[in-house]
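In case you want the letters, here they are:
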2 protein chains.
Amino acid sequence: MELRNLLTYSKVCEAMSFSKAADQLGYAQSTVTTQIAQLEEELGVKLFDRNGKRIRLNAKGQELLLYANQLLALVSETKANVSDTKTPRGSLRIGVIESVGTFFLPDILEDYLTNFPEVHVQVLTATTREIMEMLRQNKIDLMLTLDEQVYDPDWTCAWSRKEDIVFLCAPEHAFAGRADLPLAELLQENMLLTERQCNYRHSFEHICDGYQMRPRSSLEIGCTNTILQFTEHNLGVTFLPRLTVQASLQAKRLANFSVKEVSIQMLIQLIYRKSIWCTPAMKAFIEKIRNTHKNMEA
Amino acid sequence: MELRNLLTYSKVCEAMSFSKAADQLGYAQSTVTTQIAQLEEELGVKLFDRNGKRIRLNAKGQELLLYANQLLALVSETKANVSDTKTPRGSLRIGVIESVGTFFLPDILEDYLTNFPEVHVQVLTATTREIMEMLRQNKIDLMLTLDEQVYDPDWTCAWSRKEDIVFLCAPEHAFAGRADLPLAELLQENMLLTERQCNYRHSFEHICDGYQMRPRSSLEIGCTNTILQFTEHNLGVTFLPRLTVQASLQAKRLANFSVKEVSIQMLIQLIYRKSIWCTPAMKAFIEKIRNTHKNMEA
DNA sequence: CCTCCTAATCAAAAATACTGATAAAGCGAA
DNA sequence: TTCGCTTTATCAGTATTTTTGATTAGGAGG
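Residues numbered from 1 in each chain as written. Chains lettered and ligands numbered in written order. Predicted model: local features only at pLDDT ≥ 70, side-chain atom pairs only at ≥ 80, totals over all residues.

## Some thoughts on the packing of helix H1 (residues 3–15) of chain B against helix H3 (residues 29–43) of chain B
Residue and element names in this part refer to chain B.
Part 1 of the argument: At a minimum axis separation of 9 Å, H1 and H3 run at an interaxial angle of 110°. Taken together, the axes of H1 and H3 lie roughly perpendicular to each other. Touching Asn5, Thr8, Tyr9 and Val12 of H1 are Val32, Gln35, Ile36, Gln38 and Leu39, all from H3.
Part 2 of the argument: Among the residues forming the contact of H1 with H3, the class breakdown is 5 nonpolar, 4 polar and no charged. (Axes fitted to C-alpha atoms, helices over the stretch in contact; angles between N-to-C directions. Helix = DSSP H or I, 4+ residues; strand = E, 2+ residues; numbered from the N terminus. Parallel < 35°, antiparallel > 145°, perpendicular 65-115°, else oblique. Contact = placed C-beta atoms within 7 Å. Nonpolar A, V, L, I, M, F, W, Y, C, P; charged D, E, K, R; others polar.)

## Quick look at the relation of the copies chain A and chain B
Part 1 of the argument: Overlaying chain A on chain B yields an RMSD of 0.1 Å, the required transformation being a rotation through 180° with an accompanying axial translation of 0.1 Å. Taken together, these values place the two copies in the relation of a two-fold axis. (Least-squares fit on C-alpha atoms with pLDDT ≥ 70 in both.)

## A few points about helix H7 (residues 128–136) of chain A
Residues and elements named next belong to chain A.
Part 1 of the argument: If you check which residues of H7 are buried, you get Thr128, Ile131, Met132 and Leu135. Around the axis of H7, the buried residues are gathered within 105° of arc, so they sit on the same side.
Part 2 of the argument: On its buried side, H7 packs onto strand E3 (90–96), strand E5 (142–147), helix H9 (199–210) and strand E11 (265–273).
Part 3 of the argument: One or two residues past the end of H7 sits Asn138, with phi positive at roughly 65°. (Buried ≥ 20, exposed ≤ 12 C-beta atoms within 10 Å, placed from the backbone. Arc of directions from axis to C-beta.)

## Observations concerning the protein's contact with DNA strand C
Part 1 of the argument: In the vicinity of DNA strand C lie 20 residues, with A:Phe18, A:Ser19, A:Ser30, B:Ser30 and B:Gly52 positioned nearest.
Part 2 of the argument: Among the elements of the structure, helix H2 (18–25) and helix H3 (29–43) of chain A together with H3 of chain B are those that each provide at least two residues to the surface near DNA strand C.
Part 3 of the argument: The dominant element in the surface near DNA strand C, judged by the number of residues it contributes, is H3(B), at 4 residues.
Part 4 of the argument: Of the residues assigned to the surface near DNA strand C, the class counts are 4 nonpolar, 11 polar and 5 charged. (Near = placed C-beta within 6 Å.)

## A few points about the interface of chain A and chain B
Part 1 of the argument: At the interface, 22 residues of chain A touch 22 residues of chain B.
Part 2 of the argument: For the side of chain A that touches chain B, the secondary structure elements donating two or more residues are helix H1 (3–15) and helix H4 (59–82) of chain A.
Part 3 of the argument: When residues in the side of chain A that touches chain B are grouped by element, the largest group, 11 residues, is from H4(A).
Part 4 of the argument: The class makeup of the residues in the side of chain A that touches chain B is 10 nonpolar, 6 polar and 6 charged.

## Examining the domain arrangement of chain A
Interfaces are frequently sized by the accessible area removed from exposure as the parts join.
Part 1 of the argument: When the domains of chain A are assigned, the result is domain 1 (3–82), domain 2 (90–162 + 267–292) and domain 3 (164–265).
Part 2 of the argument: Using C-alpha coordinates to define each centre, domain 1 of chain A is positioned 52 Å away from domain 3 of chain A. (Domains from an automatic or database assignment.)

## Remarks on the nonpolar core
All names here are of chain A.
Part 1 of the argument: Ranked by size, the top nonpolar core spans 50 residues in total, and within it Val100, Leu142, Met143, Leu144, Leu168 and Phe239 carry the most contacts.
Part 2 of the argument: Built from parts of two domains, this core gets at least three residues from each of domain 2 (90–162 + 267–292) and domain 3 (164–265).
Part 3 of the argument: In this view, Met143 contacts Gly95, Ile131, Met132, Leu135 and Ile271; residues no more than four positions away in its chain are not counted. (Core = buried A, V, L, I, M, F, W, Y, C linked by C-beta atoms within 7 Å.)

## Remarks on the environment of A:Arg89
Part 1 of the argument: With respect to the element layout, A:Arg89 can be found in the loop between H4 and E3.
Part 2 of the argument: Judged by C-beta crowding, with 21 C-beta atoms within 10 Å, A:Arg89 ranks as buried.
Part 3 of the argument: Between the alpha carbons of A:Arg89 and A:Asp147 there is a distance of 30 Å; along the sequence they are 58 residues apart.
Part 4 of the argument: Sequence-distant contacts of A:Arg89, defined by excluding residues within four places in its chain, comprise A:Glu118, A:Val119, A:Ala281 and B:Gly44.

Okay, structure coming up:
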């Protein structure tokens, strides 16, 4: 009998479902089945009445649940009292979208890693949809979104910042520096678009829809950096979060312009699940972001 | 943090030694080192002051020990209350010497296995010395010895029976049926001896020593059955525990005889460690032996 | 009846626990 | 001190266990 099994058991009882518990614990459903089977095997007792689809705790099962929860509580107490709860250590899994991972994280991580060498950081890059799923399934500890305001009652937003989406072109392009360019005129141009799942591309297309228009594009590029390169080489115009282009603008490799009908502002949010314990490694990361971007919160 | 680690930790604290704990738990020493390291890693805290050879619990270690013992006690309570403590199930590891394994166990096991199909029985055949070591190291649950009286304060003898060592020859051999054959005369003969570690061979040689004599033997055979075959074919005379030759005597394939100066009686003992919990599977096995050999206890 | 949803099963893959050999390091004796 | 003894640490290789993913089976509810 191992604590792993008891935790799974407790979750199963709470959710009254093997598959829901699996989801919450980040296991496959078959894993939960196996773990419960192990408990039953070891104790020589069935814990659930199975009726095809539905499960119900039987007497022994209820008794075990009491013990399991006591044990798990005692383990928590043990950890709280014995473990070093101040020094960040262990692992920290951060889910981000590509642009944030490339242009926002590096500065922070460099600092974080030197300050807390005992933390093993893992950065997982995926689409917003995917990282949200990862967070739900406990595959990541923290998620950095670039999106409209994200809200979920199970989640805590630890930090957020407004982020403008800006229109960009090569410095020699006719649009460079233009203010209030009519949308119709923009859409004459070839546009370099991010991948279909991208939030701000969605927002933009939604606005276009409102005017019964559509951007023309021969290129869809998943990598923000590549879009930057292409735009610098004047292969089209584009729009990207300001943070990704700050450097290019300052170096005058890119110019920006504004479009009359379009103003997109998104939010960078740092989110974790309410139900998990916010580890020192997480706390330190949150603090690091807050300090690095002081006076820039949303 | 898993209970396995906490049990190891508790044992280490009890023995104040990694290697002793490893021995008691049936682990390699490196396993204990690793398990403790895991605990320390996970808690981010050193539990022992290491001073090369000696280890000493530090403050955090002492605190953890209290919790660990509480947790282990609670686990025991859980098992006691939730698990089916009546039906024999799980595994049963029995250590025996070859002769007992071949001639004593089969009848009992056949019965046992049909009665308790949920028990996975494992029979480990080795020398007396080896099975004693296995018992100490928790590699077996029960040990069946054929030896002089075995006593260890850590062990419980669940059952025992006297066992004569009898001298045997082919029915056509001159010794067949002889009583009080002089030892000197026996030693003229070629003897089929069991392997050097064998208890009753030891006893016999010890007696011979007393008379400044030595058995002559061109053959040492580890397998009791083979000795029986050879003796039946009149390739020598031998001595074996009565239980191994009962059938051969009755079938008149062998004859026995007695030697004036030699009378060896040994004890079959069924032994388990006091410190472990006597599982239902063990209890049932003990009962089975007691019933099968009713009125034959030592 | 069919569809949807859930748990069980099982082979394959991944993770992890364990071992055995060896190294390092302290203790005690010569 | 050095030598031998004992104890823990380290590490590569192995064994075992855990987890997964695909599939099956078996209701529940339309």
